[in-house]
Amino acid sequence: MSVPTTPSQTVGPYFSIGFSWLDRSDLAEGATEGTRVTLWGRVLDGADQPVPDAVLEIWQADAQGRYAHPDDVGELATGSKFFGFGRVPVKDTGEFSFTTIKPGRVAGPDGRLQAPHLVVSVFMRGLLRRLVTRIYFPEDPANETDSALTLVPSHRRRTLIAQAGAGDKETLVWDVHLQGKEETVFFE
Amino acid sequence: MVPAKAFDLTRQGQGEPLGERIVVSGRVLDQDGQAVRESLVEIWQANSAGRYLHKMDQHDAPLDPNFTGVGQTFTDEEGRYRFITIRPGAYPWRNHQNAWRPQHIHFSLFGPAFATRLVTQMYFPGDPLLEFDPIFNSVADDQAKKSLISKFDWATTTPEIALGFLFDIILCGRNATPMER
């Protein structure tokens, strides 16, 4: 028996009062291993104007490719406090930033290892449901064979791959383009 | 991480918030009718005057110093959750001439997988504004739309304390989309 799901409704303009208790600037708090990175970016509308009140929800695995989730087949290291989830609100300028560790590779639904990536939900007023996308890491050879990335036409893949920042190698840049020529790839 | 009292929005201030106390409870299930256990449920809402504790809400109605409108809880082993709160007021939202949102509570649920994440709104039975609300009516299917309206419930109505409303939520199955577990 399969019953219909409860329909999604917009988060409305005031959702930050309910969401902000899980705001994080460090997604890898409690992680004992992994390469530290800082992500910086903007949420932009179709006219390239900043969106001041969006929130990103980030999920990620730890450096070994394990999610902090009871269903994960792998187990987190004993005593690990790694959580790998947090909300990152954008500022009035549409900018956001957070630090984390580069996650390890996680097996996809087909059993093949995926490239390291962060899973992202975008919430903002006016959207009937969240937008779902991913952040991959630049110059990772695993990107070439990633099962989700290779579904995307090659000229649009770069919307899913963060770029090394000018000068500062530890800061990666990744923007969300909600619409327009550079629209970010969103998954169903 | 969630304070034990976070399910009770009438006990967050120095005193009691103004308005009609209500108990909102229900079950979170998946599409196969299985309980969604130990899963985070978040709510946020306007106060009884129809005002949100948000810097952008400029509706000319009073804030309540004893009401944040924000709560969290976890479902139990049978997928049950329960909040004690204040019935939210309707409020104008300037979407069109004389536009008023029906009384509603925002719900945010996680479920067992990335694909089961849901944000929705719960409404109240008999609200005259429902038929005029573009957000409620953005749901095309009539049955699905009705599933967003809570039911008045004697069993959870607490004598001398609060009316009870039931709101069950169905999340998609964990295998519904192949993208993420």
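Throughout this description, residue numbers start from 1 for each chain and increase along the sequence as written. Going through the entries in the order they are written, you letter the chains from A and number the ligands from 1. Only residues with pLDDT of 70 or above have their local features reported here, since the model is predicted, and side-chain atom pairs are shown and tallied only from 80 upward, although totals for entire chains, interfaces and linings are computed over all residues.

Draft legend 1. Inspection of the overall build of chain B at higher detail. Numbering goes from the N terminus for both helices and strands, where a helix is a DSSP run of H or I of at least four residues and a strand is a run of E of at least two. Across its full length, chain B carries one helix and 11 strands. In chain B, the succession of α and β elements from N to C terminus is β-β-β-β-β-β-β-β-α-β-β-β. Each principal axis of the C-alpha atoms in chain B carries an extent, and together these give about 45 × 40 × 35 Å. With C-beta atoms placed from the backbone, a residue is labelled by how many other C-beta atoms lie within 10 Å of its own: buried for 20 or more, exposed for 12 or fewer, partly exposed between the two. Taking all 181 residues of chain B together, the buried fraction comes to 40%. Residue pairs at least 24 apart in sequence account for 68% of intrachain contacts in chain B once pairs closer than 6 positions are excluded. Each residue is represented by a C-beta atom placed from its backbone, and any two residues with such atoms within 7 Å are regarded as in contact.

Draft legend 2. Broad picture of the sheet that holds strand β2 (residues 55-59) of chain A. All names here are of chain A. For two strands to be treated as a pair, DSSP must find at least two bridges joining them. On the basis of which strands lie adjacent, the open sheet formed by four strands has the order β3-β2-β5-β6 and antiparallel pairing. At either end of the open sheet lies a strand with only one pairing partner, and these are β3 (85-89) and β6 (131-136). Pairs of neighbouring strands in the sheet enclose a mean axial angle of 25 degrees, with direction left out of account. Bridge count for strand β5 (residues 117-123) against β6 is six bridges, and the pairing is antiparallel. Bridge pairing in β6 places valine 122 opposite leucine 131. A fitted line through C-alpha atoms represents every axis, and for helices the fit uses only the stretch in contact; the resulting angles, taken between N-to-C directions, go from 0 to 180 degrees.

Draft legend 3. Spatial organisation of the confidence of the model for chain A. Scored from 0 to 100, pLDDT records how confident the predictor is in each individual residue. In this model, chain A carries an average pLDDT of 90, and 93% of its residues clear a pLDDT of 70 or more. Under a pLDDT of 50 for its full length, residues 73-78 of chain A has, in the predicted model, eight contacts with residues more than four places off or in other chains.

Draft legend 4. Representation of unusual backbone geometry. The backbone of glutamate 139 of chain A shows a phi angle near 55 degrees, a positive value even though the residue is not glycine. With respect to the secondary-structure elements, glutamate 139 of chain A resides in the loop between β6 and β7 (163-164).

Draft legend 5. View of the environment of valine 119 of chain B. By the secondary structure assignment, valine 119 of chain B is in strand β8 (residues 118-123). Residue contacts for valine 119 of chain B: discarding those within four places in its chain leaves Ser8, Gln9, Val11, Phe123 and Arg130 of chain A together with Ser108 of chain B.

Draft legend 6. Quick look at the interface of chain B and chain A. Taken together, the contact between chain B and chain A spans 38 residues of the former and 29 residues of the latter. Contributing elements (two or more residues each) for the side of chain B that touches chain A: β2 (40-44), β7 (104-109), β8, α1 (142-146) and β11 (169-171) of chain B. If one sorts the elements of the side of chain B that touches chain A by residue count, β8 of chain B sits on top with four residues. For this scheme, ten residues count as nonpolar: Ala, Val, Leu, Ile, Met, Phe, Trp, Tyr, Cys and Pro. Four count as charged, namely Asp, Glu, Lys and Arg, and the remainder, Gly too, count as polar. Tallied by class, residues from the side of chain B that touches chain A come to 20 nonpolar, 12 polar and six charged.

Draft legend 7. Representation of the confidence of the model for chain B. Of all residues in chain B, 95% attain a pLDDT of 70 or more, and the chain-wide mean is 93. Low pLDDT, under 50, characterises residues 176-181 of chain B; the predicted model gives this stretch 15 contacts beyond four residues in sequence or across chains.

Draft legend 8. View of the sheet that holds β8 of chain B. Residue and element names in this part refer to chain B. Strand order across the open sheet formed by four strands is β3-β2-β7-β8, with antiparallel pairing between neighbours. Strands with a single pairing partner mark the edges of an open sheet, and in this sheet they are β3 (70-74) and β8. Sheet twist, expressed as the average angle between the axes of neighbouring strands with direction ignored, equals 20 degrees. Direction of pairing for β2 relative to β3: antiparallel, over a ladder of five bridges. Across the sheet, valine 41 pairs through a bridge with threonine 73, a residue of β3.

Draft legend 9. Summary view of the environment of aspartate 140 of chain A. Residue and element names in this part refer to chain A. Along the polypeptide, aspartate 140 turns up in the loop between β6 and β7. Overall, the presence of 15 C-beta atoms within 10 Å leaves aspartate 140 in the partly exposed class. Those residues in contact with aspartate 140, other than ones at most four positions away along the chain, are Ala115 and Pro116.

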